[in-house]
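Coordinates in review
Residues per chain are reported as follows:
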Amino acid sequence: MGVDTTTYLPDAKVVYGAVQEQVSTLPAVMNLFGDGSKFGKPINNVGIRGYTFLARVKPNWNMGYRPEGTTGVGVAGNQGLTNGTVTLRYAYVPITITGQAENLTKGESRAFMQAKALEAKFDMKDIVSHVNVVVTGAEPGGQLAQAAAPIVANTSFTADNAGLLPAAIYLRVGMPVDSIPVGGGAPAFINQTITAINYTTRVVSVPATATAGHAIALTGEYPQVAVLNDGWFTANGLQNLVNSSGVVEGIDPAIYPAWQSYLFDNGNAALSSQLLQQLRQFVKNRGGVDGNIFIVPSAQINQYVGIATTTLRFDITNEGPAAKVGKKALDLGFNVFDYAGLPMVEDKDARTDRIFHGDTEMMKKFEAIPLSLAEDEAGTWTRIIGAGGIADAVAGLLRWYHNIGIVQRSAWGRVQNLLVPASFLTAPPTI
């Protein structure tokens, strides 16, 4: 049976319906968090779509001992709660069935769908991989690198590693990028393809002239006007959510210090067991919750193995209260180590110099529309290209409306500026 305008759409729905299920089974950090859509109140106003929730930002100080009676205690309604808002971000993947796949199918329905399923698999993996970099490694807003001198006009720039920036580790040959001021603004260039990268010297070759101090981001993803607070195009990431400063979700930790995450700079010293315990203790003491996960880059897992002894185990077994989180990470395909009963989830995209720790119930994945084939007005250009209605080429649109939100910022913390083994500074993770 041939593939035509009658059979394509329902067949494609089957393929991309399976994609929706598979996204939640990939080893991406966001899949370790709970479902925020069951926690917050959905909002859907003109120009905004997201969720609101109650955030605990300070204690209720209207209490205490008094003379008999209630005089002087203060007014009610001071429980220290305020509204937080997680605005959804929109990720898109234009898709097409390639000539190679078409040559395999020759219009035959079963072969067509097998070829399309293979392509769907890579569509899905590519967007999930990029989103994982945005969530776990990139600077806020999807900033993958930052340009620095020396800059050679129309030839190359140097990816900055000062101030704990990630150098060129998140850039790839063939990636189209923009050079835009940090925080948004007029670009120095847009949509220029990286032709070569020397990860040791941090020199990145592009046929355009970058500006020192500019953010380097995947083309189209970084705003060309200044943004306010966390109003990026991209999803939130660990760098801006787990921090002691910066407004996120409409809540300013400068006004509400109890909302701050614990942040410790280790001065480029090596990881130690005491430091891990310090992170764990401050998250609990400041946030009032027991963290149930460490998110650790491969570089620091490498360091952790180096300090392991018979009393500091690094097995993949977990018997403590965080066993459920550890099992979920194992099921997703992460490598999971163990520190004092807590899972240490190794993520290849996490920033090499830092470790995050917190309670996964206090970090949520808000998702209104999972990664899926657009069928409404957004997908009106989903179409069949070919003579006589035969699908010799098909174009469509995958979309994904989601964001990562933190519902108690003090329930997470991070240690940064850890010593990184030299090999991990110059060997980028796979895509």
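Some thoughts on the sheet that holds strand β9 (residues 189–193)
Hydrogen bonding along the main chain pairs the strands of a sheet, whether they run parallel or antiparallel. The strand order across the open sheet formed by seven strands is β9-β8-β12-β6-β7-β11-β10, and the pairing between neighbours is antiparallel. The sheet terminates laterally at β9 and β10 (196–198), the two strands that pair on one side only. Recorded for the sheet is a direction-independent mean angle of 35° between the axes of neighbouring strands.

Describing the environment of Y199
You can see Y199 is positioned in the loop between β10 and β11 (203–205). A residue is classified by how much of its surface remains accessible, and Y199, at 19% relative accessible area, is buried. As for Y199 and I169, which are separated by 30 residues in sequence, their C-alpha atoms are 7.1 Å apart. Sequence-distant contacts of Y199, that is, excluding residues within four places in its chain, are made with A168, I169, L171, R172, L425, T426 and P428. Here the side chain of Y199 touches L171 through a polar contact of 2.6 Å, landing on its backbone oxygen.

Points about the pattern of salt bridges
Applying the stated criterion across every chain, the model contains six salt bridges. Notably, a salt bridge pairs D331 with K327, separated by 2.8 Å at the nearest N-O pair. Placement of the pair is D331 and K327 together in helix α7 (residues 323–332), with a separation of four residues, close to one helical turn. With respect to burial, D331 and K327 carry one shared label: exposed.

Some points on α7
Every buried residue belonging to α7 is among V325, G326, A329 and L332, and all of these are buried. Looking straight down α7, one finds that the buried residues subtend no more than 125° of arc, so they occupy a single side. Across α7 from its buried face, at more than 90 degrees, point the exposed residues K324, K327 and D331. Tucked inside the fold, the buried residues of α7 contact β14 (293–297), β15 (335–339) and β16 (342–347).

Considering the environment of P253
As for its placement among the helices and strands, P253 is situated in the loop between α4 (238–241) and β13 (262–269). Owing to a relative accessible area of 1%, P253 belongs among the buried residues under this scheme. Considering only alpha carbons, one finds P253 and N243, ten residues apart in sequence, at a separation of 9.1 Å.

A few points about the side chain of D359
As for its position among the elements, D359 is in the loop between β17 (355–358) and β18 (363–373). There is no salt bridge for the buried D359, and the closest opposite charge comes from K364, which lies 8.1 Å off by N-O distance. Among the polar contacts listed, one links the side chain of D359 to the backbone nitrogen of E361, at a separation of 3.0 Å.

Considerations on the nonpolar core
Formed by 51 residues in total, the largest nonpolar core has its most connected members in I127, V128, I295, F334, M363, W400 and W412. For this core, the secondary structure elements donating two or more residues are β3 (48–56), β5 (89–96), α3 (109–136), α4, β14, α7, β18 and β20 (393–406). The residues touching M363, leaving out its near neighbours within four places in the chain, are F33, G34, L238, L241, V242, I404, G405, I406 and W412. Among the nonpolar cores identified, the runner-up in size contains 22 residues, and L144, A147, I169 and I216 belong to it.

Definitions and limits used
Residues numbered from 1 in each chain as written. Predicted model: local features only at pLDDT ≥ 70, side-chain atom pairs only at ≥ 80, totals over all residues. Heavy atoms only, no water. Pairing = 2+ DSSP bridges. Helix = DSSP H or I, 4+ residues; strand = E, 2+ residues; numbered from the N terminus. Axes fitted to C-alpha atoms, helices over the stretch in contact; angles between N-to-C directions. Buried < 20%, exposed > 50% of the residue type's maximum accessible area, 1.4 Å probe, protein only. Contact = heavy atoms within 4.5 Å. Polar contact = N/O pair within 3.5 Å; in protein donor to acceptor, adjacent residues only side chain to side chain. Salt bridge = Lys/Arg side-chain N within 4 Å of Asp/Glu carboxyl O. Arc of directions from axis to C-beta. Lys, Arg positive; Asp, Glu negative; His and termini not counted. Core = buried A, V, L, I, M, F, W, Y, C linked by side-chain atoms within 4.5 Å.

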